[in-house]
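Fold and contact review
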Amino acid sequence: MYQHPDDLHRARSVGNGAPAEFAAWLAFQQAVDREDGAVPRRYRELISVAVALVTQCSYCLDVHTAAARRHGVTAEELAETAFVTASVRAGGTLAHALLADRLYEQHGHAAPAPSHD
């Protein structure tokens, strides 16, 4: 649960407990946040917002919404990103429903499970 924006400052404290891993994560984050990639930074931030919405990471949502705004993302682009994200996430649910349907059929060919009524 998102407790307080100041909690973001605790990252370095947590990183002190695993300095090698934290350094690697920071280097990865810096590579992803670069300005000279084939994907422009504003798009990277919209992607980050979309992922934060799916993973429901309030901290990521805070950081990347702010960065998106700094990189020129409009309120309309942010809103459309939210709905595109919701639609793709719903598609993932449907995709898993297709799997559940196939598995249900496959389990129908097995012996019925005993009833525990």
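Everything discussed here concerns the structure shown above.
For the structure given in this document, a descriptive report is provided here. (Residues numbered from 1 in each chain as written. Predicted model: local features only at pLDDT ≥ 70, side-chain atom pairs only at ≥ 80, totals over all residues. Heavy atoms only, no water.)

The subject of this paragraph is the overall build of the chain. Regarding its fold elements, the chain presents 5 helices and 0 strands. Mapped from its N terminus to its C terminus, the chain presents α and β elements in the order α-α-α-α-α. Relative to a compact globule of 117 residues, whose C-alpha radius of gyration would be 13 Å, the chain shows 21 Å and is clearly more extended. With the C-alpha coordinates aligned to their principal axes, the bounding extent of the chain is approximately 60 × 40 × 30 Å. Relative to its full complement of 117 residues, the chain shows a buried share of 15%. Sequence-distant contacts, at least 24 apart, represent 55% of the contacts inside the chain between residues at least 6 apart. (Helix = DSSP H or I, 4+ residues; strand = E, 2+ residues; numbered from the N terminus. Rg over C-alpha atoms; globule rule 2.2 N^0.38 Å. Buried < 20%, exposed > 50% of the residue type's maximum accessible area, 1.4 Å probe, protein only. Contact = heavy atoms within 4.5 Å.)

Taken together, Val 39, Tyr 43, Ile 47 and Val 51 make up a surface patch of nonpolar side chains, about 360 Å² in accessible area. Within the secondary structure layout, Tyr 43 lies in helix α3 (residues 41-55). According to the relative accessible area criterion, Tyr 43 is partly exposed, its value standing at 44%. (Patch = residues over 30% accessible without salt bridge, like charges linked within 9 Å, V, L, I, M, F, W, Y side chains within 5 Å. Areas by Shrake-Rupley, 256 points an atom, 1.4 Å probe, with all protein chains shown as cover. Salt bridge = Lys/Arg side-chain N within 4 Å of Asp/Glu carboxyl O.)

Let us now look at unusual backbone geometry. A positive phi angle, near 60 degrees, is found at Gln 56, a position not held by glycine. With respect to the helices, strands and loops of the structure, Gln 56 is situated in the loop between α3 and α4 (58-70). A relative accessible area of 68% means that Gln 56 is categorised as exposed.

Structural measurements only, silent on function.
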